[in-house]
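# Overview (structure and organization)
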Amino acid sequence: MNIRILGLFILLCFQQLYSQQLSSQAEVSVITIGPGTSLNDAFGHNIFRIRDRANNLDVGYDYGRFPFNEPGFYLNFAQGKLNYSIGKSKYKDLEAFYIWQNRTITEQVLNLTLEEKQALLNFLVNNYKPENRDYLYDFFFDNCATKMKDVLQDVLNNNIIFHEPKNFKPQTFRHLIRGKVPANSWGSVGIDLALGSVIDQQATPEEHMFLPAYIQTFFSEATIGARKLVKREKNVYQEKPNPSSTEFLWSPLVIFSIISLIMLGITYSDYKKQTRNKILDATLLLVTTLLGILILLLWFATDHQTAAYNYNLLWAFPLNGLLLWQIAKKHPKTWIIPFMKFLVIMGVLMAFHWTIGVQEFAPALIPFFIALLLRYIYLISYFKKQLES
């Protein structure tokens, strides 16, 4: 009898250790973290919080860990083959960290039965095992926010119904990004250059939940059958206003406006003197060629699906490199004129694509686009006069 009792005690100890049986006091929450100051923090974050005072348990699970120091990290990131992992920490440590970063923290306590809470914890504990914790990250469809939705649906047998919030207006993926990364920022310019027209499609209501803020918004309205998914919601910490800065002076719009004015000034000087600045022309052709090659590599040589169908190629044309060895000559070949006309047509097509909504381009680059187009037009006129003389 004593052996049986001892065996039962050992079994209960192991059950407590590995299954972490929750008490009736247990609560499960979804934590939404507001944006941070750096680009990788700009979209916010989500965390599962499991709290059970009876068992002295208060842990956070999140799907936002990545192996920054792992060999090949940057190559894997560029190729779209980066693995993220589920992480586990003491919740109070996570909360203190994000308060230190001055980021808003909101908690939504979920309206789950004890069995559902236990099933979620069991899922997370199993998912945290070394052999299970990694997943192939996708910015739009498999990230720290979408995992909140997908894991809960898995645990609750897809019984969650997500209702559209009042005054909900669907947006494109690009506009959703710009809501977090302002258009006049270097991060936004990089995104607009690297990602193609795929992200100019309108996201479905559920696809909006790739952003942590929309997890909070849609969870507030969601139901499981007749009951609300969220029992109560509270603001844990509200970020404090940051002092104003002079970042605008170094913003893309200001920098590219200055570059464009220099280009226009050189072009006007060339027009008055009927000459051309070979250094400017070679620089423009080299930059557009390299950017075009980079865009092609992102499109065809990586697993970044959102880099496909990128019409930035209309101005960052990879074959501009063919002109480099001609533009340096005093008397280039006659085919340079139709090539330059082709580049002007490509610029007009880019404006057309932008106007009808096929793809939006970086607004901060508008001054540069104008200066580049006027430079091409001037070169056509210049080379024509050369041939006629």
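The name recorded for the chain in an unreviewed UniProt entry is DUF4105 domain-containing protein, from Bizionia hallyeonensis.

## Here's the deal with the overall build of the chain
Helix and strand counts for the chain stand at 13 helices and ten strands. Relative to a compact globule of 389 residues, whose C-alpha radius of gyration would be 21 Å, the chain shows 28 Å and is clearly more extended. Expressed as lengths along the three principal axes of its C-alpha atoms, the size of the chain is roughly 110 × 40 × 35 Å. Out of the 389 residues belonging to the chain, those deemed buried represent 45%.

## Some thoughts on the sheet that holds strand β7 (residues 160–161)
In a beta sheet, neighbouring strands pair by backbone hydrogen bonds and run either parallel or antiparallel. The strand order across the open sheet built from three strands is β7-β8-β9, with neighbouring strands paired in antiparallel fashion. Of all the strands in the sheet, the pair left with one neighbour each is β7 and β9 (227–228). Looking at chain direction, β7 and strand β8 (residues 223–224) are connected through two bridges and run antiparallel. Each bridged residue has a counterpart across the sheet, and for isoleucine 160 the counterpart in β8 is isoleucine 224.

## Regarding the layout of surface pockets
In this model, the second largest pocket occupies a volume close to 720 Å³. Across the lining of the second largest pocket, the residue classes tally to ten nonpolar, twelve polar and four charged.

## Remarks on the pairing of strand β4 (residues 83–90)
Within a regular strand, side chains alternate between the sheet's two faces. In this structure, strand β3 (residues 57–65) lies alongside β4, joined through five bridges in antiparallel fashion. Opposite aspartate 62, over in β4, you have glycine 87 as the bridge partner. Where β4 meets strand β6 (residues 134–136), three bridges bridge the pair, whose relative direction is antiparallel. Its bridge partner being in β6, serine 85 is matched across the sheet by aspartate 134.

## Structural notes on empty space enclosed by the protein
If you walk through the whole model with that rule in mind, you get one cavity of 30 Å³ or more. By volume, the largest cavity is sized at about 40 Å³. Lining of the largest cavity is provided by Asp281, Leu284, Leu285, Ile327, Met340, Arg375, Tyr376 and Leu379. Contributing elements (two or more residues each) for the lining of the largest cavity: α10 (278–300) and α13 (366–388). Class assignment of the residues belonging to the lining of the largest cavity gives a composition of six nonpolar, no polar and two charged.

## Quick look at the sheet that holds strand β5 (residues 105–110)
Read across the open sheet, the seven strands follow the order β6-β4-β3-β2-β1-β5-β10; overall the sheet is antiparallel. Where the open sheet ends on each side, the last strands, each with one partner, are β6 and β10 (230–237). On average, adjacent strands in this sheet sit at an angle of 25 degrees to one another, irrespective of strand direction. The pairing of strand β2 (residues 45–52) with β3 spans five bridges and is classified as antiparallel. Note on β3: the bridge partner recorded for phenylalanine 48 is tyrosine 61. Those strands touched by helix α4 (residues 114–127) are β1 (27–33), β2, β3 and β4, and its axis lies near 55 degrees from that of β3.

## Some points on the UniProt feature "domain: Lnb-like transmembrane" (unreviewed entry) in the chain
As annotated in UniProt, the feature "domain: Lnb-like transmembrane" (unreviewed entry) corresponds to residues 247–385 in the numbering used here. In residues 247–385, helix accounts for 67% and strand for 0%; the two terminal C-alpha atoms are 45 Å from one another.

## Examining the UniProt feature "transmembrane region" (unreviewed entry) in the chain
Under the present numbering, the feature "transmembrane region" (unreviewed entry) in UniProt falls on residues 248–267, 279–302, 308–328, 335–356 and 362–383. Here residues 362–383 is 82% helix and 0% strand, with 31 Å between the C-alpha atoms at its ends.

## Some details on a nonpolar patch on the surface
Where nonpolar side chains cluster on the molecular surface, the patch consists of Leu261, Leu264, Ile366, Ile370, Leu374 and Ile377 and spans about 510 Å² of accessible area. When contributions to the nonpolar patch are tallied by element, the ones reaching two or more residues are α9 (252–273) and α13. For the nonpolar patch, the leading source of residues is α13, giving four residues. Mapped onto the elements of the fold, isoleucine 366 is located in helix α13.

## Describing the packing of α4 against helix α5 (residues 146–155)
In the contact formed by α4 and α5, the axes pass within 10 Å of each other and the chain directions differ by 120 degrees. Relative to α5, the element α4 lies oblique. The interaxial crossing formed by α4 with α5 has right-handed handedness. Across from Glu116, Ala119, Leu120, Phe123 and Leu124 in α4, the residues of α5 making contact are Val151, Leu152, Asp154 and Val155. Here the residues of the contact of α4 with α5 sort into seven nonpolar, no polar and two charged.

About the thresholds
Residues numbered from 1 in each chain as written. Predicted model: local features only at pLDDT ≥ 70, side-chain atom pairs only at ≥ 80, totals over all residues. Heavy atoms only, no water. Helix = DSSP H or I, 4+ residues; strand = E, 2+ residues; numbered from the N terminus. Rg over C-alpha atoms; globule rule 2.2 N^0.38 Å. Buried < 20%, exposed > 50% of the residue type's maximum accessible area, 1.4 Å probe, protein only. Pairing = 2+ DSSP bridges. 1 Å grid on protein atoms, 1.4 Å probe; cavity = no way out; pocket = protein on both sides within 12 Å on 5 of 7 lines; lining within 4 Å. Points joined across faces, edges and corners; volume = space filled by probe spheres on them. Nonpolar A, V, L, I, M, F, W, Y, C, P; charged D, E, K, R; others polar. Axes fitted to C-alpha atoms, helices over the stretch in contact; angles between N-to-C directions. Contact = heavy atoms within 4.5 Å. UniProt positions renumbered as here; feature names shortened; annotations may be inferred. Patch = residues over 30% accessible without salt bridge, like charges linked within 9 Å, V, L, I, M, F, W, Y side chains within 5 Å. Areas by Shrake-Rupley, 256 points an atom, 1.4 Å probe, with all protein chains shown as cover. Salt bridge = Lys/Arg side-chain N within 4 Å of Asp/Glu carboxyl O. Parallel < 35°, antiparallel > 145°, perpendicular 65-115°, else oblique. Left-handed = near helix turned anticlockwise from the far one by under 90°.

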